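# Per-entry structural report
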There are 2 protein chains.
Amino acid sequence: MSKTSGKRFSIGVDYGTNSVRALVVDVDNGKELGTHVYNYPSGKAGILLDPKDPNLARQNPADYISGFLVSVAAAVKRAGKEKGFRPDRVVGIGIDTTGSTPIPVDRKGVPLAMTAKFKRNLNAHAWLWKDHTGHEEAAKITEIARKSGVPYLAKCGMTYSSEWFWSKVWHCRNVAPDVFKAAYSWVEACDFVPGYITGNTDPLKMARGVCAAGHKAMYNEEWGGLPSVSFLKKLSPDLAKLRSRLYRKALASDQVAGRLVPAVARKVGLPAGIPVAVGAFDAHYGAVGSGVKPGTLVKIIGTSTCDMMVSSLGRKLKDIPGVCGIVPGSIVPGMYGLEAGQSAVGDIFNWFVNSLCPPQYSKGDPHVNLSRAAAKLKPGESGLLALDWNNGNRTILVDPLLTGLLIGQTLHTSAPEVYRALIEATAFGALTIINRFEEYGVKVKEVVTCGGIAEKNALLMQIYADVFNRSMKISRSPQACALGAAIFGAVAGGVYNDTGSAQKRMAGVKSKVYKPNKAHARAYAELYAMYKDMHDAFGTPRFRGKLNGAMKKLIGIRDRARKG
Amino acid sequence: MSKTSGKRFSIGVDYGTNSVRALVVDVDNGKELGTHVYNYPSGKAGILLDPKDPNLARQNPADYISGFLVSVAAAVKRAGKEKGFRPDRVVGIGIDTTGSTPIPVDRKGVPLAMTAKFKRNLNAHAWLWKDHTGHEEAAKITEIARKSGVPYLAKCGMTYSSEWFWSKVWHCRNVAPDVFKAAYSWVEACDFVPGYITGNTDPLKMARGVCAAGHKAMYNEEWGGLPSVSFLKKLSPDLAKLRSRLYRKALASDQVAGRLVPAVARKVGLPAGIPVAVGAFDAHYGAVGSGVKPGTLVKIIGTSTCDMMVSSLGRKLKDIPGVCGIVPGSIVPGMYGLEAGQSAVGDIFNWFVNSLCPPQYSKGDPHVNLSRAAAKLKPGESGLLALDWNNGNRTILVDPLLTGLLIGQTLHTSAPEVYRALIEATAFGALTIINRFEEYGVKVKEVVTCGGIAEKNALLMQIYADVFNRSMKISRSPQACALGAAIFGAVAGGVYNDTGSAQKRMAGVKSKVYKPNKAHARAYAELYAMYKDMHDAFGTPRFRGKLNGAMKKLIGIRDRARKG
């Protein structure tokens, strides 16, 4: 027998906002054999929009099905060109999606959007993570939960978001009672896909992941699963009735959701019966694919960031104010999963490039031009300081109604100086998250990043290393989320006894490490103290001063002006 | 006799930073018959620079002489083409210059820079108003004056500037003792020119203007003229000795400095003996040329602004904290002259256009493009608020170490929105000056502007009207400073008994008036309250909070970073 004859493989399928990627991976070493990206055909770049309502963002669940079939079939075909790969050596499949992206389904688990009656009804489609139509419901949930003395907000930073499960479902009940009534249950996209491909779509029996349940639906084993009937009644009796048609127990991703059914297996060129892991969110799998472990913060840097950590279940973890999720098993089974993040990072740099980049830097790639000039500056040399709140603050202030700030401009301030100040601002924002973790006993020894910016922008990586005064590493795989999904495929396939063992073999970092420059770290420590003063003055309700609330006042004035 | 046979004329000569303008005016109605601009031939755009020291800015006094001869000769020649003009009908000449621009001179009043020994020595030339080499001396003067309990700072906003007379002379003594020793006396440019053309150059006998003396050299009749010997001794015994070689009495511009000497008269095509008014600064004459009177604020809007008012001498005016000059007779003889200003206005818009204007607005005239887009916005609609301190704050904080601030940016903020926020910031800064005047009993009923921006930028004018909630008018003459000089020429020539009468006939405003929009004024009142909070938090030493001093801390960090 040849040396490759014993090789085994798993498949990770990563559903993003605009497309889905399938990745075939060698379970022994994480080597990637074949991949394929499928762009969702519906709507604008895969998103169903309402020109009258900028808060609305929906998705066609049929795209998730065609996406699985096309991307997996193509990735398997591509892997077939590599030595040693054979479809019958695929031992498991893992799935991650965006979230919270709940889908209203009928008694059999069929999305209402895929029925004749509702296929043209936007409210019957998947409510994409970035749909904010339920912002009023979110505010009410926060208010009612705070008043009721229930513990539900403690694990999600004390503020419930419009992006999350109950805000969306409640909003549907309020604006589209026909859809709400027709929906026997609601299923997160990350549970829908494993259910569909394994034929386990019965809403009452299918596997539900603890990642979506714990981070977005206020599920916690400690308090008996989902929020109580009496609490949900305070929102709406209809939500209280829905509770029994959801789930009692949510599972971690080392559990098997089911096995690939023949009808699907045939279409993707795989044998039937392959185990499929319980699904979870993309950022959580990205953390696993980047090798997250206690002491390692994984930053997924894109238009926004997700900052992911795990902490041993051995000791009881305190609630961490402002950290938007603490859920046992949501990232690595057997550990607390912690999720934090910044509402805008790459989006801020893109905004600057699109709105305020002068012609001398806008030819070719403005990011490259500005970074090159900004790299020549020393920390503090511009005299500028910025806050990174152009899209609000997700962690630790949990306040979407905050805005940007730039201070220190003179008549000589240049575009690269502002660009660098914006990078520094995002670094300071990230350090605020790190410090909050550490204040509550979750130590951050190193930072591993993944995402395009981490690979492309050496200036940002060095500034982050200097500001954090910690080493910055880069996830080896440029598709860490899909790799994380493949890792859970391998665990579901029984190749490894636990996720940590699978990560050790399949995940890793690049050899390039950005180490902090001690002199720069000292300079940034001084600037960070000023950032923190500014952060508290403009963002903390406890701060007493006329400037507190200034950003909200300006938003109020703006909204009145726009209304006329 | 023809109808024009009785016409009389006066000539105003306005020395700016880069050039000098001569203007021939009909004394009956202010009609402008001929003008000529002469660019100073020395240095870079008329300024002598030191590549090693960005604070240094000097000027060749010989350029002032050639400037008078060329510009007046050409303006007279041009006027000669107009009906009724004849050189022998010129009844008076007025002169204004930049300031404080002191020139070291010998016993006969000859500038040292025009002697063989010193002509290559930068310290022997005119120390141009924007020379900041004496910033350490300025800080010491402020400190010593405050500690000594002398009243000298009360009339200049409680802070002595590096742009002013004693800072410059003292710095010369410290860095160029040879020049200081050779200088029998020091003469302001605005006194030097009238002295030269009338042949009265003896430093002890020549006419010295109260405008330069009072605003820049701490001269005040109340305390016996220049600062006392005992005070000057605390700075340096050498300055104390210099005092007796300066002047005892300074004069207002309705006084005659002397009469045109034949040698000069011949070269400019005028008869000898024409009376020449005592000189003053350009902004002060600009106010007169724009019709300044009690209740009318004249704003000279350029790269920075000068905000000029007059107030009756009938009642004793309180000192106004932060207003950089209150001098009897410095603008209109017989009234208090009040000078305030903003360190940067046009400069801020130019900075934005040069540094942060994206390509879609940079073709053609970016100011026009940005203004057109910004004009479509309602007050408050951008959600932005800015401070106008990119070049520090001259009035009312008198602090060069303040910097810009922008708050409210989102991911949708556009360049025209920022541009408008910067215009609004300068309007709020201007309103702060107006309010300070009114708090101390100097009422501002209307605002008359002059300068290129006032003529060209209707958006700015309307925003100012709305923010001030007052009418905005525009000076009729686009060269208001030179017209003001001509008005004093007419007074010196005996055409009018007082400056007010001359102004009524010779100065005026355009018919276009920008009136406040009441709804916009209300919206801006709300934004101004927030501007004021921000102003006090970042700019007022009395404000208690961590943000106070933030801009200075950033400048400190910047300067250390630049030094390495």
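What counts, and where the lines are drawn
Residues numbered from 1 in each chain as written. Chains lettered and ligands numbered in written order. Predicted model: local features only at pLDDT ≥ 70, side-chain atom pairs only at ≥ 80, totals over all residues. Heavy atoms only, no water. Least-squares fit on C-alpha atoms with pLDDT ≥ 70 in both. Contact = heavy atoms within 4.5 Å. Buried area = accessible area lost by both parts, 1.4 Å probe. Salt bridge = Lys/Arg side-chain N within 4 Å of Asp/Glu carboxyl O. Polar contact = N/O pair within 3.5 Å; in protein donor to acceptor, adjacent residues only side chain to side chain. Helix = DSSP H or I, 4+ residues; strand = E, 2+ residues; numbered from the N terminus. Nonpolar A, V, L, I, M, F, W, Y, C, P; charged D, E, K, R; others polar. Pairing = 2+ DSSP bridges. Axes fitted to C-alpha atoms, helices over the stretch in contact; angles between N-to-C directions. Phe/Tyr/Trp six-rings, centres within 6.5 Å; stacked < 30°, edge-to-face > 60°. Lys NZ or Arg CZ within 6 Å of the ring centre and 35° of its normal. Expected span 1.5 Å × (residues − 1). Buried < 20%, exposed > 50% of the residue type's maximum accessible area, 1.4 Å probe, protein only. Core = buried A, V, L, I, M, F, W, Y, C linked by side-chain atoms within 4.5 Å. pLDDT = per-residue confidence, 0-100. 1 Å grid on protein atoms, 1.4 Å probe; cavity = no way out; pocket = protein on both sides within 12 Å on 5 of 7 lines; lining within 4 Å. Points joined across faces, edges and corners; volume = space filled by probe spheres on them.

### Remarks on the relation of the copies chain A and chain B
Of the transformation placing chain A onto chain B, the axial shift is 0.0 Å and the rotation is 180 degrees, giving an RMSD of 0.1 Å. Given the turn and translation reported, the copies of this chain are related as if by a two-fold rotation axis. Both copies present the same face, since 100% of the interface residues in chain A are matched by interface residues at the equivalent positions in chain B.

### A few points about the interface of chain A and chain B
Contacts between chain A and chain B engage 56 residues on the former and 57 residues on the latter. Across the chain A/chain B interface, buried area totals approximately 4,500 Å², and carbon plus sulfur atoms make up 65% of it. Counting every contact that joins chain A to chain B gives two salt bridges. Counting every contact that joins chain A to chain B gives 20 residue pairs in polar contact (both at pLDDT 80 or more). Elements with a contribution of two residues or more to the side of chain A that touches chain B: α11 (346–356), α12 (359–362), β18 (404–409), α14 (415–439), α19 (518–539) and α20 (550–563) of chain A. The class makeup of the residues in the side of chain A that touches chain B is 28 nonpolar, 17 polar and eleven charged. Here β18(A) pairs with strand β18 (residues 404–409) of chain B via five bridges, running antiparallel. Bridge assignment links A:L406 to a residue of β18(B), and that residue is B:L406.

### Focus: the sheet that holds strand β13 (residues 296–301) of chain B
Residues and elements named next belong to chain B. Read across the sheet, seven strands follow the order β15-β16-β14-β13-β19-β20-β21 without closing on themselves; strand pairing throughout is mixed. Each edge of the open sheet carries a strand with a single partner, namely β15 (325–328) and β21 (509–514). Strand-to-strand twist in this sheet, taken as the mean axis angle between neighbours without regard to direction, amounts to 25 degrees. Pairing of strand β20 (residues 472–475) with β21 involves three bridges; the strand directions are antiparallel. From the neighbouring strand, M472 faces β21, where its bridge partner is Y514. The strands touched by helix α14 (residues 415–439) are β13, β14 (305–312), β16 (335–342) and β19 (446–450); relative to β16, the strand with the most contacts, the crossing angle is about 155 degrees. Relative to β20, helix α16 (residues 458–468) is tilted by about 135 degrees, and along the sheet it contacts β13, β19, β20 and β21.

### Things to note about the packing of aromatic side chains
Using the criterion set out here, one finds 38 aromatic pairs over all chains in the structure. Look at B:W127 and B:W186: their rings are 6.2 Å apart centre to centre, the planes differ by 70 degrees, and that puts the pair in the edge-to-face class. Here B:W127, found in strand β8 (residues 126–127), pairs with B:W186, found in strand β9 (residues 185–188); they are 59 residues apart in sequence, far enough to count as distant. Among the aromatic residues, those joined into a ring-pair cluster are A:F349, A:W351, A:F352 and A:Y419. Note that B:R58 overlies the ring of B:W127, its terminal NZ or CZ placed 3.5 Å from the centroid. One residue, B:R245, lies across the ring of B:Y184, its end atom 5.5 Å from the ring centre.

### A look at helix α17 (residues 480–492) of chain B
Its 13 residues place the ends of α17(B) 18 Å apart at the C-alpha level, agreeing with the 18 Å of an ideal helix rising 1.5 Å per residue. Once α17(B) finishes, B:G494 follows within two positions and takes phi at roughly 80 degrees, a positive value.

### What about the sheet that holds β18(A)?
Strand pairs in the sheet, formed through backbone hydrogen bonds, run parallel or antiparallel to each other. Taking strand neighbours across the sheet as the criterion, the four strands line up as β17(A)-β18(A)-β18(B)-β17(B) in an open arrangement whose pairing is antiparallel. Strands at the two margins of the open sheet, each flanked by one partner only, are β17 (385–387) of chain A together with β17 (385–387) of chain B. The average undirected angle you get between the axes of adjacent strands in this sheet is 10 degrees. Bridge analysis of β17(A) against β18(A) gives three bridges, and the strand direction is antiparallel.

### Looking at the side chain of A:T413
Among the secondary structure elements, A:T413 is positioned in the loop between β18 and α14. By relative accessible area, which is 1% here, A:T413 ends up buried. In this structure the side chain of A:T413 is engaged in a polar contact, spanning 2.8 Å, whose partner is the backbone nitrogen of A:T410. Setting aside its immediate chain neighbours within four residues, A:T413 contacts A:L384, A:G408, A:V418, B:W351 and B:S355.

### With respect to the nonpolar core
Of all hydrophobic cores here, the largest spans 147 residues; its most connected members are A:F437, A:F538, B:F437 and B:F538. Setting aside its immediate chain neighbours within four residues, A:F437 contacts A:L297, A:D307, A:M309, A:I320, A:V323, A:L338, A:A340, A:V442 and A:V444. Ranked by size, the runner-up nonpolar core spans 41 residues in total, among them B:W127, B:C172, B:A252 and B:V327.

### Re the confidence of the model for chain A
Confidence along chain A averages 95 in pLDDT terms, with 99% of residues attaining 70 or more. Two numbers describe this predicted complex: its pTM, 0.91, and its ipTM, 0.91.

### Topic: the pairing of strand β15 (residues 325–328) of chain A
All names here are of chain A. Here β15 runs beside strand β16 (residues 335–342); their pairing, made up of four bridges, is antiparallel. Among the inter-strand pairings, V327 is bridged to a residue of β16, identified as G337. Taken together, β15 and the strand that follows it, β16, pair antiparallel across an intervening segment of six residues, in which G329 is found at a positive phi of about 80 degrees.

### Looking at empty space enclosed by the protein
All told, the structure shown has 14 cavities of 30 Å³ or more when counted by the stated rule. Considered as a void within the structure, the largest cavity measures approximately 200 Å³ in volume. If you trace the largest cavity, you find 23 residues lining it, with A:L406, A:Q409, B:L356, B:L406 and B:Q409 closest to the centre. No other element matches β18(A), which puts four residues into the lining of the largest cavity. Across the lining of the largest cavity, the residue classes break down as 18 nonpolar, five polar and no charged.

### Side note on the pattern of salt bridges
Tallied over the full model, the rule gives 44 salt bridges over all chains. Measuring nitrogen to oxygen at the nearest pair gives 2.4 Å for the salt bridge that ties B:K552 to B:D399. Of the two residues, B:K552 is situated in helix α20 (residues 550–563) and B:D399 in the loop between β17 and β18; the sequence distance between them amounts to 153 residues. The partner of B:D559 in a salt bridge is B:R558, and the shortest N-O contact between them spans 3.1 Å. Each of the salt bridges in this network shares a partner with another, and the network as a whole consists of A:R173, A:D238 and A:K241.

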